[in-house]
Amino acid sequence: MATKKFKCKVCGYVHEGDKAPEKCPMCQAPQSEFEEIVEAGAEAAAPAKKVLNTNSNVYTIVYAAVMVIIVAFLLVFVSQTLKERQTANVINDTKQQILSALNLRDQADVASTYSMVIKADALMQANGSLQDYKGEFNTSYKSEFDKGNLHVFVAEIDGQKKYVIPMNGLGLWGTIWGYIALNEDRNTVYGIYFSHSSETPGLGGEIAGTKFQDRFPGKLVVNGRDVALKVVKYGKADKSSKYEVDGVTGATITSTGVNTMINKVLSAYIPFLTAANVGSNY
Amino acid sequence: MANKNNEAFKQPLWVNNPVLVQILGICSALAVTAQLKPAIVMGLSVTVIVAMSNVIISLLRNTIPNRIRIIIQLVVVAALVTIVSEILKAFAYDVSVQLSVYVGLIITNCILMGRLEAFAMQNGPWASFLDGIGNGLGYAAILVVVAFVRELFGSGTLFGFQVIPQACYEAGYLNNGLMIMPPMALILAGCIIWYHRAKNKDLQEN
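Residues numbered from 1 in each chain as written. Chains lettered and ligands numbered in written order. Predicted model: local features only at pLDDT ≥ 70, side-chain atom pairs only at ≥ 80, totals over all residues.

**Observations regarding the confidence of the model for chain B**
Mean pLDDT over chain B stands at 87; residues scoring 70 or higher make up 98%. Mean pLDDT per element in chain B: helix 5 (residues 93–99) of chain B is the minimum at 75, and helix 8 (residues 125–155) of chain B is the maximum at 92. (pLDDT = per-residue confidence, 0-100. Helix = DSSP H or I, 4+ residues; strand = E, 2+ residues; numbered from the N terminus.)

**Notes on the sheet that holds strand 8 (residues 175–182) of chain A**
All names here are of chain A. With respect to topology, six strands assemble into an open sheet ordered 5-4-6-7-8-9, the strand pairing being antiparallel. At either end of the open sheet lies a strand with only one pairing partner, and these are strand 5 (130–132) and strand 9 (189–196). Going from strand to strand, the sheet's axes swing by 30° on average, the running direction of each strand aside. Relative to strand 8, strand 7 (residues 160–170) runs antiparallel, the two being bridged by eight bridges. Of the residues in strand 8, the one forming a bridge with Leu170 is Thr175. Its contacts with the sheet put helix 6 (residues 252–268) on strand 7, strand 8 and strand 9, and the angle it makes with strand 7 is roughly 120°. (Pairing = 2+ DSSP bridges. Axes fitted to C-alpha atoms, helices over the stretch in contact; angles between N-to-C directions. Contact = placed C-beta atoms within 7 Å.)

**Examining the environment of Ala208 of chain A**
Residues and elements named next belong to chain A. Considering the arrangement of structural elements, one finds Ala208 in the loop between strand 9 and helix 5 (210–213). The class for Ala208 is partly exposed, based on 18 C-beta atoms found within 10 Å. Sequence separation between Ala208 and Ile176 is 32 residues, and the spatial gap between their C-alpha atoms is 9.5 Å. In this structure Ala208 touches Phe194, Ser195 and His196, once residues within four positions along its chain are discounted. (Buried ≥ 20, exposed ≤ 12 C-beta atoms within 10 Å, placed from the backbone.)

**Some words on the nonpolar core**
By size, the foremost hydrophobic cluster in this structure holds 95 residues, and its most contacted members are Ala101, Val152, Val164, Ile165, Tyr179 and Ala181 of chain A together with Leu143 of chain B. The residues touching Leu143 of chain B, leaving out its near neighbours within four places in the chain, are Ala29, Val32, Thr33, Ala39, Met42 and Gly43 of chain B. In terms of nonpolar packing, the next biggest core, distinct from the first, is built from five residues, Phe6, Ala20, Cys24 and Phe34 of chain A among them. (Core = buried A, V, L, I, M, F, W, Y, C linked by C-beta atoms within 7 Å.)

**Digging into the confidence of the model for chain A**
Caution applies to low-pLDDT parts of the model: their predicted coordinates are not meant to be read in detail. Residues and elements named next belong to chain A. Confidence in the prediction of chain A, expressed as mean pLDDT, is 85, and 93% of residues score 70 or more. Predicted confidence in chain A is weakest over helix 1 (residues 40–48), with a mean pLDDT of 47, and strongest over strand 8, with 94. Here residues 41–49 scores under 50 on pLDDT; set against residues more than four positions off or in separate chains, the count is zero contacts.

**Things to note about the packing of helix 2 (residues 57–101) of chain A against helix 3 (residues 110–117) of chain A**
All names here are of chain A. Remark: helix 2 packs on helix 3, axes separated minimally by 9 Å, with the N-to-C direction vectors making an angle of 50°. The pairing of helix 2 with helix 3 is recorded here as oblique in orientation. As for how helix 2 packs across helix 3, the hand of that crossing is left-handed. Judged by residue contacts, Asn92, Lys95, Gln96 and Leu99 of helix 2 engage Val110, Ala111, Thr113, Tyr114 and Val117 from helix 3. Residue composition of the contact of helix 2 with helix 3, grouped by class: five nonpolar, three polar and one charged. (Parallel < 35°, antiparallel > 145°, perpendicular 65-115°, else oblique. Left-handed = near helix turned anticlockwise from the far one by under 90°. Nonpolar A, V, L, I, M, F, W, Y, C, P; charged D, E, K, R; others polar.)

Dropping the structure here:
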């Protein structure tokens, strides 16, 4: 153990002994050119024996298990502590989206504007009349639609009655949804709002912009007993048509998705849209 | 040591930029750069997550079993991304809506795994932290440059505000539709790499 190693810095010759030789036997360099080699391995090897062998199977399995348990608890904890705030945010956001369809975008106090403007959250009955929805405020109108709960929000703006209908469908990459607000005649579009989960920014994502949504107000929804409101390829909309709306440039599939969504959802609402009477309270 | 830390931070900003030299993270660079805002938020999120996961892996590096080290790195990154996304949903709902899928995409960003495997497994927490910040900002810088050009010429806006005056459109100017298509991001990144190689001759290959 006592032997140390000395290396000649000039030629790399390694000498073993208690101290460096006076002259390098290879290149004749003086003693000062030698430096001691401290072996990293020798030092590190001793304490390593006390530490667990990190490559053993047991260690690997235990390590993975502990890691997973820690991470799982951490995520559950974070999710539970933040849940209330998140739900409140989602409800707030849904209300803002409904208000956006009524051209009340970017409200500072969404909850109070909502309770002031929206008079009722109703469900459409088979004969087209409305009845109060008795449940908690809903944030997922896709599952409500699939269950056959056809929501209609009754709003009042400047003494005028408006109806807001939630819509959902598929875009290019994921889901798209929106709210369409109709005038009291249940035919003329008063305002519209679209959003999406993952459409391409700058292309399909433009459906969430006002540039596209501003093309809707004033258009008509129903012709006879069919949904006639249509999104067509950009530039193809007939200027004189009351039913055709230009799509988004370069986003044909998303625009088609919007068209399909409007058609599918509003077709289910035809009884309401064409009913002579929707109930005295509404 | 201070010098080494300095290098860990500065190198990835330009000379050894993860996007330009290592060609990592190109996929997300194409996806989020059609507009400036998501590009910046994405750049910052990646910076925070690379730095944090670098520190955690660096602290654990001597205990991680070699055979499952990639999985351990992935678990750490995925957990961090999930937590960041939950926090955004609770406290910055607007930003989380803006980012939507991109938060999840951070998990698969090659820069993260690249830095964890190449740097954090061998270096101390402080150096790893600086390395993470440097790489994140290097990535963010490229995103911002590409997004700036794409949004300006593709939509005529910056941060959503109209920059090219209406008069230009009336005079016949048109937005370049190719700019908002993903291939344009690749072409722009290619141009930046070209400039970068011209400035850093030692990176040129024969």
